[in-house]
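# Observations on the three-dimensional arrangement
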Amino acid sequence: MELPNKMPASEQTVTRKKIWLSSPHMGGTEERYVKEAFDTNWVAPLGPNVNGFEDDIVRFTDCGHAAALSSGTGAIHLALSLLGVSAGDFVLCQSFTFSASANPIRYLGAIPIFIDSEEDTWNMCPIAMEQAILSCQNGEISRTFPSLELPFTGTLPKAIIVVDLYGMPAKHSEICEIAAKYNIPVIEDAAEALGSSLNGKNCGTFGDIGIFSFNGNKIITTSGGGALVSSQENFVNKARHLSTQAREDAPHYEHTEIGYNYRISNICAGIGRGQMEVLPERVRQRRENYARYRTVLENIPGISFLQEPKGYFSNRWLTTILIDPSLSGGITREDLRLSLAEVNIESRPLWKPMHLQPVFRHFPFYGNGIAAQLFDQGLCLPSGSNLEQSDLDFIIDRIKKTFYSK
Ligand SMILES: *Cc1c(COP(=O)(O)O)cnc(C)c1O
């Protein structure tokens, strides 16, 4: 199909500023915290902003305890380490996610087992998850995936990584219940879900350990950063210890374990403190973007939106749509993406599932094609909290033209 057809030439040649998928949006007080850090010379991976930022995270999410770190990826790496994951262990991981959820499994030499999504939240399917657990338990997995040369003795997975993708909480009650039945700890990757909740309980607090990301495109940012949270203080204390090179209490440098350099800097944490002040506002703005898109686009044949099941509250980090070409007259998500790109609007296909990634292709996968279909049909629309009304109008207008100009 050719796109766009019959677009007025004027529209195509107008140079408009680029509309980003999701760009940083400062609240105004960030610089004050950063300046304070300079004025007091706390230009280090510790200081009042680090402590203050951790307190803010605890207060906002009611997570119990928080360690502020240099990235969400580092937080997942530490979480796996805290749970004792090491080479050869199985770790279940939601397939439909960003690669940073899965990479740390490989840092530790453990074996990721990827799990499909379900259709209600697009997150980890509890049924496929239990199938995978049983297959590990009874050793069936070594027959199903002989190329992995796994021992035939059954072993349970060491951990489960469940993700709240695009801000939508996963089916945590079902997942935690199954995990508890087999006594497997859960890591909740809430990198995209700060400010989301399920039946009033905040995302990040459902597993044994939760993680957040403050990368530049997330709902709030510290330019780069993350956090590890838990109701269990010993996990968080241990995370702080490991994140600062696992230095023992001695006048010289004494080490009894392998450490990491994963602490956040007092400068970045200062940005984080300012951003935490505007987080509720950012959630409201992102949800408004979603509501606007949905109101004007949901009646276009072939376009559908992910809705919140009862009790679910998504921060709507990114507004995502599915485009079914059998209902849209042949228009695909790629047609729309290219049509938007032509007028300098950034959009992006949904995450390509990990079990389809060349780097992870040879690892086990349990499921039946939901994540793959979401990838085929899904598109993320510009969703920044700093989008102007005129930007949204322009994007919506372009989408309508793309669908109605054939
Ligand atoms: C962004 C993200 C991460 C990684 O966080 P960084 O801070 O970028 O390292 C992990 N998981 C998911 C789902 C993410 O979106």
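Residues numbered from 1 in each chain as written. Predicted model: local features only at pLDDT ≥ 70, side-chain atom pairs only at ≥ 80, totals over all residues. Heavy atoms only, no water.

### Notes on the sheet that holds strand β15 (residues 378-381)
Reading across the sheet, the 4 strands line up as β10-β12-β15-β13 and stay open at both edges, with antiparallel pairing between neighbours. Each edge of the sheet is formed by a strand with only one pairing partner; in this case those strands are β10 (303-305) and β13 (348-349). Where β10 and strand β12 (residues 319-323) come together, 3 bridges link them in antiparallel fashion. Residue pairing across strands places serine 304 opposite leucine 322, the latter belonging to β12. (Pairing = 2+ DSSP bridges. Helix = DSSP H or I, 4+ residues; strand = E, 2+ residues; numbered from the N terminus.)

### Overview of the site of the ligand
Contacts to the ligand come from 15 residues, most closely from Thr73, Asp189, Glu192, Ser213 and Lys218. Separating a nitrogen atom of the ligand from a side-chain N or O atom of aspartate 189 is a distance of 2.7 Å. Computed on the free molecule, the ligand has an accessible area of 380 Å², of which 96% lies beneath the protein chains in the complex. Each residue belonging to the shell around the ligand can be placed in one class, and the counts come to 4 nonpolar, 8 polar and 3 charged. (Near = heavy atom within 4 Å. Polar contact = N/O pair within 3.5 Å; in protein donor to acceptor, adjacent residues only side chain to side chain. Areas by Shrake-Rupley, 256 points an atom, 1.4 Å probe, with all protein chains shown as cover. Nonpolar A, V, L, I, M, F, W, Y, C, P; charged D, E, K, R; others polar.)

### Brief notes about the packing of aromatic side chains
Throughout the structure, instances matching the rule amount to 11 aromatic pairs. Relative to phenylalanine 363, the ring of phenylalanine 360 lies with its centre 6.3 Å away and its plane at 55°, an arrangement referred to as tilted. On the basis of relative accessibility, which here comes to 7%, the residue phenylalanine 363 falls in the buried class. Put simply, the rings of Phe96, Phe98, Trp122, Tyr166, Trp317 and Trp351 pair up and form one aromatic cluster. The positively charged end of arginine 32 is found above the aromatic ring belonging to tyrosine 33, 5.0 Å away from the centroid. In this structure, arginine 333 packs its charged tip against the face of phenylalanine 375, placed 5.1 Å from the ring centre. (Phe/Tyr/Trp six-rings, centres within 6.5 Å; stacked < 30°, edge-to-face > 60°. Buried < 20%, exposed > 50% of the residue type's maximum accessible area, 1.4 Å probe, protein only. Lys NZ or Arg CZ within 6 Å of the ring centre and 35° of its normal.)

### Thoughts on the sheet that holds strand β7 (residues 201-202)
Strand order across the open sheet formed by 3 strands is β7-β6-β11, with antiparallel pairing between neighbours. Whereas interior strands pair on both sides, the edge strands pair on one side only; in this sheet they are β7 and β11 (312-313). Sheet analysis places strand β6 (residues 197-198) next to β11, joined by 2 bridges and oriented antiparallel. Bridge pairing links leucine 198 to tyrosine 312 in β11.

### What to know about the environment of alanine 170
Locating alanine 170 in the fold gives a position in the loop between β4 (159-163) and α8 (172-181). The buried category is assigned to alanine 170, whose relative accessible area is 0%. In this structure, the C-alpha to C-alpha distance between alanine 170 and serine 230, residues 60 residues apart in sequence, is 18 Å. Those residues in contact with alanine 170 that sit more than four places away from it in its chain are Thr121, Asn123, Val162, Val163, Asp164, Ile175, Leu198 and Tyr312. (Contact = heavy atoms within 4.5 Å.)

### What about the pattern of salt bridges?
Summed over all chains, the structure comprises 20 salt bridges. Taking the shortest distance from any N to any O, the salt bridge between arginine 348 and glutamate 346 comes out at 2.9 Å. Residue arginine 348 is classed as partly exposed on the basis of its relative accessible area, which comes to 37%. When its relative accessible area of 17% is taken as the criterion, glutamate 346 is described as buried. Each of the salt bridges in this network shares a partner with another, and the network as a whole consists of Glu54, Arg240 and Arg263. (Salt bridge = Lys/Arg side-chain N within 4 Å of Asp/Glu carboxyl O.)

### So, helix α12 (residues 370-377)
Every buried residue of α12 is listed here: Ile370, Ala371, Leu374, Phe375 and Gln377. Buried positions along α12 lie against β12, α11 (333-342), β13 and β15.

### Remarks on the packing of helix α6 (residues 126-137) against α8
Two packed helices can be described by the angle between their axes and the distance between those axes. Direction vectors running N to C along α6 and α8 enclose 15°, while the axes themselves pass 10 Å from each other. By the criterion of interaxial angle, the relationship of α6 to α8 is roughly parallel. The two elements α6 and α8 cross, and the hand of that crossing is right-handed. Contact with α6, carried on its side by Pro126, Met129, Glu130 and Ile133, involves Glu174, Ile175, Ile178, Ala179 and Lys181 of α8 and no other residues of that element. Of the residues contributing to the contact of α6 with α8, the split by class is 6 nonpolar, no polar and 3 charged. (Axes fitted to C-alpha atoms, helices over the stretch in contact; angles between N-to-C directions. Parallel < 35°, antiparallel > 145°, perpendicular 65-115°, else oblique. Left-handed = near helix turned anticlockwise from the far one by under 90°.)

### Quick look at the domain arrangement of the protein
When cut into domains, the protein gives domain 1 (9-25 + 279-404) and domain 2 (30-276). Placing a centre on the C-alpha atoms of domain 1 and another on those of domain 2 gives a separation of 26 Å. Domain 1 puts 42 residues into the contact, and the matching count from domain 2 is 51 residues. Taken together, both faces of the contact between domain 1 and domain 2 bury some 4,200 Å²; the carbon and sulfur share is 67%. Considering only the surface of domain 1 that becomes buried against domain 2, Leu279, Trp351 and Tyr366 emerge as the three largest contributors, covering 21% of it. Our enumeration of links across domain 1 and domain 2 arrives at 0 salt bridges. Elements with a minimum of two residues in the side of domain 1 that touches domain 2: α10 (266-297), β11, β12, β14 (365-366) and α12. If you tally residues by element for the side of domain 1 that touches domain 2, the top one is α10, at 5 residues. Among the residues making up the side of domain 1 that touches domain 2, the classes are represented as 24 nonpolar, 13 polar and 5 charged. (Domains from an automatic or database assignment. Buried area = accessible area lost by both parts, 1.4 Å probe.)

### Describing the pairing of strand β2 (residues 90-94)
Of all 5 residues making up β2, 5 are buried, and the element is well covered by its neighbours. Two strands pair when backbone bridges link them, and β2 and strand β3 (residues 111-115) are joined in this way by 5 bridges, in the parallel orientation. Each bridged residue has a counterpart across the sheet, and for leucine 92 the counterpart in β3 is isoleucine 113. Two strands pair when backbone bridges link them, and β2 and β4 are joined in this way by 3 bridges, in the parallel orientation. Bridge pairing links cysteine 93 to isoleucine 161 in β4.

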